[in-house]
Amino acid sequence: MKLNSNIPEAGSLEEKWTKYKSKMNLVAPNNKRRIDVIVVGTGLAGASAAATMGELGYNVKCFSFHDSPRRAHSIAAQGGINAAKNYQNDGDSVYRLFYDTIKGGDYRSREANVHRLAEVSVDIIDQCVAQGVPFAREYGGLLENRSFGGVQVSRTFYARGQTGQQLLIGAYQALSRQISTGQVEMYNRHEMLDLVKIDGKARGIVTRNLISGKIESHAAHCVVLATGGYGNVFYLSTNAMGCNVSAGWRAVRRGALMANPCYTQIHPTCIPVSGEYQSKLTLMSESLRNDGRVWVPKKVEDAQAIQQGKKTGLDIPEEDRDYYLERRYPAFGNLVPRDVASRAAKVACDEGKGVSPTGLAVYLDFTDAAIRYGKAKAHSMNLGSSADYKKLGQEVIAAKYGNLFQMYEKISGENPYEFPMKIFPAVHYTMGGIWVDYNLQTNVPGLFCLGEANFSDHGANRLGASALMQGLADGYFVIPYTIGTFLSDEIRTPQFSTDLPEFAAAEKAVKERLSMLINIKGDQSVESFHRRLGKIMWEYCGMSRSAEGLTKGRDLIRELRAEFYKDVFIPGSVDEYNTELEKAARVADFLELGEVMMVDALDRNESCGGHFREEFRSPEGEAMRDDENYTYVAAWEWADDGNHVLHKEELEFKNVELKTRSYK
Amino acid sequence: MSGDINLTLKVWRQAGPKAKGKLESYKVVANEHMSFLEMLDVLNEQLISEKQEPITFEHDCREGICGSCSMVINGQPHGPQTGTTACQLHMRHYKDGETIVVEPFRATAFPVLKDLSVDRSAFDRVIQAGGYVSVNTGQAVDGNSIPIEKDLSLKAFDSATCIGCGACVAACPNGSAMLFTSAKVSHLGLLPQGKVEGVSRVKGMVAQMDKEGFGMCSNIGACEAECPKEISIDNIARMNREYTGAMLGSE
């Protein structure tokens, strides 16, 4: 299979999107009325896409497994959204955002896609403000910005620590408006369990009504997946409990390709694991690294005393602290990209310098920032030098990050204003996803994929505050246009009926699969299999990988999968509200995806971004890419016999010079 | 294990919307570091190992932001901690030997689906009745073209933090959705972008709220007390003013 990225030939990098847009085939308003579009997922990408396509006049059917579109996991994004507005006059530009994203992604993403993302970023902010998204503002009433990892400008727009919530509510409201006009038909509590193709084109889906258990078919001219990332393959992650790969994986089982599945992002600032019962991990926003300084004790003895509870961080004098990010990466300091910060934390903990009972945590300390802010505040209030800088500064810190500090205290039971926060890396985001071309169309005609679910814009590592940007760019400003490239050829295609044999066959297959799962009647719970899968993934395909480990990990997953199909126990029946059955189908898909992730990581004999292979590192421990042999997108075709087929899309860099990524 | 506590749980079990429900007792050993939902996970794993049906409850982000969790713990929606959702409630607030009663959110407009899971789709329909700004994608002017006073923006933000969980309705003896609806009316009504449609918004949302079977507000204030996002009851007063104005202004 030849993968064609369909990047427009015409124009320079800066002109491509504009030229392409003005020349692409469109669907006239009278024809849009006759065309049905299915959108699966209502996060930032799905909700914005469904709302915008509804506004344009398409008949949209939108699906969510949640009870309401507003529950999608985009809601939990904390820190912010990037846009090349240059409101701060600090030298930002579309090109700089493009360049930062390409570099941040370790030169493993497509130039043209990323440039388009940077271009439309500015429109996103305007749209959201118009919807009533209450972004942070300065005293003059204008929008405020802050800085995120891997960049040297302040281009991140934010809404306290709840940016994702506010943006999603904006998109949800736009979607609600379309639902009220009847332009979008909303199906809550419906989970997609199969993709239906007719004559090779995606023409519908099979869903399960999660309340009644009813299996239903839905037909359309095309299908758009915006179903999020697959981080929950690791069981413990910052993802919500319901996040899963199933919609995308069902598409893979119908011929779509899974691209770069091994590119997973381990976020450096999460609350450390506290026990075996733990169900998920909680992120502390990257924005905290604007003001927090990361450190561990210089001496292993001090770290051991802390691990045993004999000392706290406050007992370690300044000269015995190692602010290792500032030391190793002076140019970016605490704001190095996530992959770099995570690996550095692992190195510190591997040296025995971790600061929690398990030894798996580092400090994030706000004392210096509090004093700095306190001084400024005391100065502006003419309080003189006798003022309590730390206390004054803590008020500023509270205004900036109050809800995050509160969340930390609720979970850890420790006051972060008093003691430095303890943090550790955790699985957060997946850069890999369904392969799409420039139009966001997969290799299956008529099947599109948006947001975190696709692989397109972040290469091997995503920069902070760029996920929200990509989700909304795809949904508001890309797919509403590019879907026309497919649909303009479909205006004579009549609406599809679900009476067609393809739908009956897909429904039958879904029913058989569910009934097979529930009739295994083994002895182990779905959750127990998921936990074991997560441990294998973290051990062999986590922050650090090796050929030996990946080979072993793959075998372990295959064994676990065989055991799952022999011994899983699902209570209840298929035709009722059955959360265990829902989970079982999702874990079954994770058990296949996990294997492909191992295969992909093993194929990629280099270290890049979130993919770190122990065999490929510099003497200083930095990642070593192999541009000569691995400047490609690895798109995998699933094969039941385990011989998954690799399709390569070579990446071409015509505007950016491939360099060793340095943040020193 | 250190930090373990023995608990008796009385949990509402109901097979379906029309089935008769009742409280069932369970023994569970929790750890003080667990969240409330992790404690329920442990109980569910226990039930599954005994080949029994686990307790159905809604949950997703477990970070207090998605608004999925919807349970009444010892008579209080989301339990005893102020400003805390059930998923953010930790077991360190409970003592060894305690009995905890767990029930679904109860309101006419929130029928029980199964066990602790209720149908809150009425909230979506209230939003669909006007809880938005009518601006199509691509129509917007530059984000900085309309400066908004910082305090006003913060006030709108406070109203916008609603997570749509429905605790306000569950807390209200009348099952009123005034806090939820007024939070949206205020969020948008305070901002210049949302002010334009203020009249039709408040009329539409209030009418839909009544249609869904939510009760009247009688100024008890339980909604504010139980709201995990501490949304102020001032929003209700503000909406009442806006509603009165809208009705007086109409023909």
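Bear in mind the structure is a predicted one, so any value in this text is a computation, not a measurement.

**Digging into the overall build of chain A**
Scanning chain A for helices and strands turns up 18 helices and 19 strands. Over its C-alpha trace chain A gives a radius of gyration of 25 Å, about what one expects of a compact globule, namely 26 Å for 664 residues. On the principal axes, the C-alpha backbone points of chain A span a range of 80 × 60 × 50 Å. Within chain A, buried positions represent 59% of all 664 residues. For chain A, restricting intrachain contacts to residue pairs at least 6 apart in sequence, the fraction spanning at least 24 positions comes to 73%.

**Overview of the overall build of chain B**
Broken down by element type, chain B carries nine helices and seven strands. Expressed along its principal axes, the backbone C-alpha trace of chain B runs to roughly 65 × 40 × 35 Å. A buried classification covers 53% of the 251 residues belonging to chain B.

**So, the environment of Lys85(A)**
Residues and elements named next belong to chain A. Summarising the element assignment, Lys85 is placed in the loop between strand E3 (81-82) and helix H4 (94-104). Of the residues examined, Lys85 has 21 C-beta atoms within 10 Å and is grouped as buried. Between the alpha carbons of Lys85 and Leu97 there is a distance of 9.9 Å; along the sequence they are 12 residues apart. The residues contacting Lys85, other than those within four sequence positions of it, are Val122, Ile125 and Arg155.

**Focus on the domain arrangement of chain A**
All names here are of chain A. Its domain assignment divides chain A into domain 1 (266-427) and domain 2 (520-631). If you average the C-alpha positions of domain 1 and of domain 2, the two centres end up 31 Å apart. Across the boundary between the two partners, domain 1 contributes seven residues, which contact six residues of domain 2. It is helix H10 (residues 338-350) that provides the largest number of residues to the side of domain 1 that touches domain 2, a total of five residues. Along the lines of polarity and charge, the residues of the side of domain 1 that touches domain 2 split into three nonpolar, one polar and three charged.

**Details of the sheet that holds strand E7 (residues 201-209) of chain A**
Residue and element names in this part refer to chain A. Pairing in this open sheet of three strands is antiparallel, and the strands run E6-E7-E8 from one edge to the other. A strand with exactly one partner marks an edge of an open sheet, and here the two such strands are strand E6 (190-198) and strand E8 (215-219). Across the sheet, the mean angle from the axis of one strand to that of its neighbour is 30°, orientation sign disregarded. Note: E7 against E8, five bridges, orientation antiparallel. Opposite Gly204, over in E8, you have Ala219 as the bridge partner. Packed on one face of the sheet, helix H14 (residues 501-518) meets E6, E7 and E8 and runs near 140° to E6.

**Points about the interface of chain B and chain A**
Taken together, the contact between chain B and chain A spans 65 residues of the former and 62 residues of the latter. Where the side of chain B that touches chain A is concerned, the elements lending two or more residues are helix H1 (36-49), strand E6 (112-114), helix H2 (121-128), helix H3 (150-160), helix H5 (178-190) and helix H6 (192-195) of chain B. Sorting elements by how many residues they give to the side of chain B that touches chain A places H1(B) first, with six residues. Classifying every residue of the side of chain B that touches chain A by side-chain character gives 23 nonpolar, 26 polar and 16 charged.

**Looking at helix H8 (residues 300-307) of chain A**
All names here are of chain A. Of the residues making up H8, those classed as buried are Asp302, Ala303 and Ile306. Angularly, the buried residues of H8 cover 100° about the axis, an arc narrow enough to put them on a single face. The exposed residues of H8 that point more than 90 degrees off its buried face are Val300 and Glu301. Residues of H8 that are buried make contact with strand E12 (293-297). Positive backbone phi, approximately 80°, marks Gly309, located one or two places after H8.

**Structural notes on the domain arrangement of chain B**
Residue and element names in this part refer to chain B. As far as domains go, chain B holds domain 1 (4-114) and domain 2 (121-249). Each of domain 1 and domain 2 has a C-alpha centre, and the two are 29 Å apart. Residue-level contacts link 18 residues of domain 1 with 16 residues of domain 2. Residues that form the side of domain 1 that touches domain 2 fall into these classes: eight nonpolar, nine polar and one charged.

**Notes on the environment of Ile100(B)**
Residues and elements named next belong to chain B. By the element assignment, Ile100 lies in strand E5 (residues 99-104). Judged by the 18 C-beta atoms lying within 10 Å of it, Ile100 falls in the partly exposed class. Between the C-alpha atoms of Ile100 and Gln76, which are 24 residues apart in sequence, the distance is 11 Å. Look past the residues within four positions of Ile100 in its chain and what remains in contact with it is Leu7, Leu9, Ile73, Asn74 and Tyr94.

**Topic: the sheet that holds strand E14 (residues 362-365) of chain A**
All names here are of chain A. Spatially, E11-E15-E14-E12-E13 is the arrangement adopted by the five strands of the open sheet, whose pairing is antiparallel. Two strands bound the open sheet, and with one partner strand each, they are strand E11 (264-270) and strand E13 (321-322). For E14 and strand E15 (residues 421-430), the ladder comprises three bridges, and the chain directions are antiparallel. Following the sheet pairing, Leu364 is matched in E15 by Met421.

**Structural notes on the packing of helix H5 (residues 111-131) of chain A against helix H13 (residues 467-487) of chain A**
Residue and element names in this part refer to chain A. In contact at an axis separation of 9 Å, H5 and H13 are set at 85° when each is read in the N-to-C sense. Between H5 and H13, the angle is such that the two are roughly perpendicular. Contacts between H5 and H13 involve Arg116, Leu117, Val120, Ser121, Asp123, Ile124 and Gln127 from the first element and Met469, Gln470, Leu472, Ala473, Tyr476, Phe477 and Val478 from the second. Looking at the contact of H5 with H13 residue by residue, the classes come out as nine nonpolar, three polar and two charged.

**Notes on the nonpolar core**
Formed by 282 residues in total, the largest nonpolar core has its most connected members in Val224(A), Leu225(A), Ile434(A) and Val169(B). A per-element tally of this core places helix H17 (residues 579-603) of chain A first, with 14 residues.

**Some details on unusual backbone geometry**
Even without glycine at this site, Asp199(A) takes up a positive phi of about 50°. Of note in this structure, Asn74(B) is not a glycine but carries a positive phi near 45°. Tracing the chain through its elements places Asn74(B) in the loop between strand E3 (71-73) and strand E4 (76-77). By the C-beta count within 10 Å, which is 14 here, Asn74(B) ends up partly exposed.

**Some points on the pairing of strand E18 (residues 632-637) of chain A**
Residues and elements named next belong to chain A. Across two bridges, the pairing between strand E10 (residues 258-259) and E18 is antiparallel. Bridge assignment links Met258 to a residue of E18, and that residue is Trp636. Across six bridges, E18 lies against strand E19 (residues 645-650) in antiparallel orientation. In the sheet register, Ala635 faces E19, and the bridge partner there is His647.

**Topic: H17(A)**
Here H17(A) spans 36 Å end to end across 25 residues, near enough to the 36 Å set by a 1.5 Å rise per residue. In terms of residue burial, H17(A) counts as a mostly covered element, since 23 of its 25 residues are buried.

**Considerations on the packing of helix H11 (residues 367-380) of chain A against helix H12 (residues 389-412) of chain A**
All names here are of chain A. At a minimum axis distance of 6 Å, the contact between H11 and H12 shows a crossing angle of 100°. On the basis of their axis angle, the class for H11 and H12 is roughly perpendicular. Side by side, H11 and H12 meet where Ala369, Ala370, Ile371, Arg372, Tyr373, Gly374, Lys375, Lys377 and Ala378 of the first sit next to Tyr389, Lys390, Lys391, Leu392, Gly393, Gln394, Val396 and Ile397 of the second. Broken down by class, the residue content of the contact of H11 with H12 amounts to nine nonpolar, three polar and five charged.

**Quick notes on the environment of Leu89(B)**
Residues and elements named next belong to chain B. Secondary-structure assignment places Leu89 in the loop between E4 and E5. With 25 C-beta atoms packed within 10 Å, Leu89 lands in the buried category. Placed 101 residues apart in sequence, Leu89 and Leu190 show a C-alpha to C-alpha distance of 32 Å. Filtering out sequence-adjacent residues up to four positions away, Leu89 remains in contact with Ser35, Phe36, His78, Gly79, Gln81 and Thr84.

Quick notes on the rules
- Residues numbered from 1 in each chain as written.
- Chains lettered and ligands numbered in written order.
- Predicted model: local features only at pLDDT ≥ 70, side-chain atom pairs only at ≥ 80, totals over all residues.
- Helix = DSSP H or I, 4+ residues; strand = E, 2+ residues; numbered from the N terminus.
- Rg over C-alpha atoms; globule rule 2.2 N^0.38 Å.
- Buried ≥ 20, exposed ≤ 12 C-beta atoms within 10 Å, placed from the backbone.
- Contact = placed C-beta atoms within 7 Å.
- Domains from an automatic or database assignment.
- Nonpolar A, V, L, I, M, F, W, Y, C, P; charged D, E, K, R; others polar.
- Pairing = 2+ DSSP bridges.
- Axes fitted to C-alpha atoms, helices over the stretch in contact; angles between N-to-C directions.
- Arc of directions from axis to C-beta.
- Parallel < 35°, antiparallel > 145°, perpendicular 65-115°, else oblique.
- Core = buried A, V, L, I, M, F, W, Y, C linked by C-beta atoms within 7 Å.
- Expected span 1.5 Å × (residues − 1).

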